[in-house]
Amino acid sequence: MELGTSFSASGVNKKMFLSNPITQKSNVLPNSWLNQLNTSFPARKICSCRGIAKGSTISSLKTQEKVTGMSSNHSEDLELSSLTALCPLDGRYWGKVKELAPFMSEYGLIRFRILVEIKWLIKMSQIPQIVEVPSFSEEAQTFLHDLIDGFSMNDALEVKKIERVTNHDVKAVEYFLKQKCQSHPEISKVLEFFHFACTSEDINNLAHALMLKGALNTVILPVMDELIKAICDMATTHSSVPMLSRTHGQPASPTTLGKEMAIFAYRLSRERKEISQIEMLGKFAGAVGNYNAHVAAYPEINWPEIAEEFVLSLGLEFNPYVPQIETHDYMAKLFHSIVQFNNILVDFDRDVWGYISLGYFKQTTKAGEIGSSTMPHKVNPIDFENSEGNLGVANGDLSHLSTKLPISRWQRDLTDSTVLRNMGVGLGHSLLAYRSALQGIQKLQVNEAALMEDLDKTWEVLAEPIQTVMRRYGVPEPYEKLKELTRGRAVNKESIREFIQKLDIPADAKTSLLKLTPHTYVGAAAELAKNVNEAIFLLSSPYLLK
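Thresholds, definitions, all that
- Residues numbered from 1 in each chain as written.
- Predicted model: local features only at pLDDT ≥ 70, side-chain atom pairs only at ≥ 80, totals over all residues.
- Heavy atoms only, no water.
- Helix = DSSP H or I, 4+ residues; strand = E, 2+ residues; numbered from the N terminus.
- Buried < 20%, exposed > 50% of the residue type's maximum accessible area, 1.4 Å probe, protein only.
- Contact = heavy atoms within 4.5 Å.
- Areas by Shrake-Rupley, 256 points an atom, 1.4 Å probe, with all protein chains shown as cover.
- Core = buried A, V, L, I, M, F, W, Y, C linked by side-chain atoms within 4.5 Å.
- Arc of directions from axis to C-beta.
- Axes fitted to C-alpha atoms, helices over the stretch in contact; angles between N-to-C directions.
- Parallel < 35°, antiparallel > 145°, perpendicular 65-115°, else oblique.
- Left-handed = near helix turned anticlockwise from the far one by under 90°.
- Nonpolar A, V, L, I, M, F, W, Y, C, P; charged D, E, K, R; others polar.
- Phe/Tyr/Trp six-rings, centres within 6.5 Å; stacked < 30°, edge-to-face > 60°.
- Polar contact = N/O pair within 3.5 Å; in protein donor to acceptor, adjacent residues only side chain to side chain.
- pLDDT = per-residue confidence, 0-100.

Novice: Requested: an account of the overall build of the protein chain, with residues and values cited.
Specialist: Per the secondary structure count, the protein chain includes 23 helices and eight strands. Taking all 546 residues of the protein chain together, 54% fall into the buried category. Summarising the internal contacts of the protein chain: among those between residues at least 6 apart in sequence, 77% fall at separations of at least 24. If you sum the accessible surface of the protein chain, you get close to 25300 Å²; carbon and sulfur atoms cover 51% of it.

Novice: Kindly report on the nonpolar core, identifying the contributing residues and their values.
Specialist: Counting 135 residues, the largest nonpolar core has Leu-144, Leu-212, Phe-284 and Tyr-434 as its most contacted members. Per element, the largest residue contribution to this core is 21 residues, and it comes from helix α9 (residues 200-237). If near-sequence neighbours (up to four positions away) are discounted, Phe-284 is found in contact with Val-116, Trp-120, Cys-198, Asp-202, Ile-203, Leu-206, Tyr-291, His-294, Ala-307, Phe-310, Val-311 and Phe-318. Within the second largest apolar cluster, 19 residues are counted, among which are Ile-466, Val-491, Ile-496 and Ile-500.

Novice: Please set out helix α21 (residues 507-515) residue by residue, giving values where relevant.
Specialist: If you check which residues of α21 are buried, you get Ala-509, Lys-510, Leu-513 and Leu-514. Buried residues along α21 cover an arc of 135° about the axis, so they all sit on one side. Residues of α21 that are exposed and angled more than 90 degrees away from the buried face: Ala-507, Asp-508 and Lys-515. In the core, the buried residues of α21 are packed alongside α18 (463-472) and α20 (493-501).

Novice: Could you give an account of the packing of helix α5 (residues 106-124) against helix α8 (residues 169-181), with specific residues and numbers?
Specialist: The geometry of α5 relative to α8 is characterised by a closest axis approach of 10 Å and an angle of 60° between their N-to-C directions. When the interaxial angle is binned, α5 and α8 end up oblique. Judged by the twist between their axes, the crossing of α5 over α8 is right-handed. Across from Ile-110, Arg-113, Ile-114, Glu-117 and Ile-118 in α5, the residues of α8 making contact are Asp-169, Val-170, Val-173, Phe-176 and Leu-177. Along the lines of polarity and charge, the residues of the contact of α5 with α8 split into seven nonpolar, no polar and three charged.

Novice: Give me the lowdown on the packing of aromatic side chains, citing residues and values where you can.
Specialist: Under the definition given, this model contains 14 aromatic pairs. When the ring of Phe-341 is compared with that of Tyr-434, the centres are 5.4 Å apart and the planes differ by 75°; the resulting orientation is edge-to-face. Pair noted here: Phe-341 is in helix α13 (residues 329-358) and Tyr-434 is in helix α16 (residues 423-443), with a separation of 93 residues, a long-range link. Considered together, Phe-341 and Tyr-434 belong to a single accessibility category, that of buried residues. Among the aromatic residues, ring-to-ring pairing joins Trp-120, Phe-193, Phe-196, Phe-284, Tyr-298, Trp-303 and Phe-310 into one connected group.

Novice: So what's going on with the environment of Asp-202? Which residues, and what values?
Specialist: Along the polypeptide, Asp-202 turns up in helix α9. Among the residues examined, Asp-202 registers a relative accessible area of 0% and is labelled buried. Setting aside residues no more than four positions away along its own chain, Asp-202 makes contact with Ala-197, Lys-283, Phe-284, Ala-285 and Gly-286. A polar side-chain atom of Asp-202 sits 3.1 Å from the main-chain amide nitrogen of Gly-286.

Novice: Could you give me a rundown of the packing of α18 against helix α19 (residues 478-486), with the residues and numbers involved?
Specialist: Put simply, α18 and α19 touch, their axes get as near as 8 Å, and they point 155° apart. Accordingly, the angle class assigned to the pair α18 and α19 is roughly antiparallel. Helix-helix and strand crossings are classified by hand; for α18 and α19 the assignment is right-handed. Here Ala-463, Ile-466, Gln-467, Met-470 and Arg-471 of α18 come into contact with α19, specifically with Pro-478, Tyr-479, Lys-481, Leu-482 and Thr-486. Split by residue class, the contact of α18 with α19 holds six nonpolar, two polar and two charged.

Novice: Any details on unusual backbone geometry? Residues and values, ideally.
Specialist: Glycine aside, the phi torsion of most residues is negative, and most peptide linkages are trans. Phi at Asn-167 takes a positive value of approximately 55°, unusual for a residue other than glycine. For Asn-167, the position within the fold is in the loop between α7 (153-166) and α8. Residue classification places Asn-167 among the exposed residues on the basis of a relative accessible area of 72%.

Novice: Give me the lowdown on the environment of Lys-178, citing residues and values where you can.
Specialist: On the secondary structure map, Lys-178 appears in helix α8. On the basis of relative accessibility, which here comes to 13%, the residue Lys-178 falls in the buried class. As a C-alpha pair, Lys-178 and Glu-192 span 14 residues in sequence and 8.1 Å in three-dimensional space.

Novice: Before we move on, can you summarise the confidence of the model for the protein chain with the specific residues and values?
Specialist: Of all residues in the protein chain, 82% have pLDDT values of 70 or greater, and the mean over the chain is 86. Counted against residues more than four places away or in other chains, residues 36-45, with its pLDDT under 50, gives 37 contacts. Residue range residues 542-546 is modelled with pLDDT below 50. Its contacts to residues more than four positions away, or to other chains, number 15 contacts.

Spelled out as structure tokens, the structure:
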């Protein structure tokens, strides 16, 4: 479908595997849209908490110093800005999520609607049976493509101005295009074929799919890959650093720090693969999915075939059986998969938070930063806490989307329409969480002295290998003997070695046990950590991705 990541044993290398590359030059999404990442977007971006303040842009709002009084009597006079935005994605965190705005904002929705409407008109000009829309000249096609490529913020505001009259957002797009094209001598003759035989959902479902595909390929998946690579680097760098495990919060068989990081890299990679294999679906079958109006106007045309060709031309997969809406099952699967990726990252955030608490990691500090307003010594793990918190917000939104969207009364109700406007909220908080975790990882420094100290104090963890070797050589009741030695008693190097010396086992086995320490009893942990890149390469190979 889209972006895949190839991992090699020496590192993680990103590669594009786009069947219809939305980040490259294509007939679906113009590069000019991607170049607008640094454009001043309307103040409402990712969240749908507030409407767009008239004429307001982020750049203009930055210069506003005056704030009207904050009492309830004056709340209506407040200008929308980073300080007054109800959603923190549009305020405090805007700088970390703004790359999603060209896709997930209302501006993004409008421009993808424009794209679909124009592409449909061009498609009809290529259907021989529709003689009323003759093949467009090269100049006319260029004119139409320029409307897509050059779609601007002013154009979006003009659509919103029309919507204030129509009170219908998709109809406003149709009227906008008719206005834009009425002066063109060739296209002006076929203006009524804009939105021909379409219900609004024909336009919206394709726009939503293209929004998601663009946001995933251009922003979300690359940051997921960056996060996986950072954790992989931790795994390989610290592959041989021994660490005390804790099961049920109690000392357990030692592992290595790198191997514990490798677990998260592998888990995240598996879920990222699931996300990249989800097919983005589209429908184009009219008011109730039967091509009723299409057949009434042109009964000789194979409309299901035309619809499939059109949807595929946009880089989407075709859904042939639908009511009025695309049934959103793929969205439910997509959002659920992102929730699972986020759950794995919550697990990572909490584990690293705990390791910082144990002193296994130190955090680098930046001059001028304050950890606590009253305790000067503190360096809090705020990045991992921020990540965990935002993952919770994201999952709440995405979970609702995944359970609500597949449900629609009879052939159509509008409950999905308002809910779909919140797709950017879940993706925005996810993106913020990924970047917070990345920032936290960059601050981590391994405190090997603390790791060694914990291992030095837990010689009882060698009870496991001793009783296992005893089992091999037929020593009776090995588990019970080690239980008597270790449970509720202080165990140290001397008591463990004294126990080993008394065992009736072969000399070479006894020698091996005497060489064991909590620091060296790590099994294959180091090798597993060192090989994680290779394991992820096999998992994420382009041959396994669609």
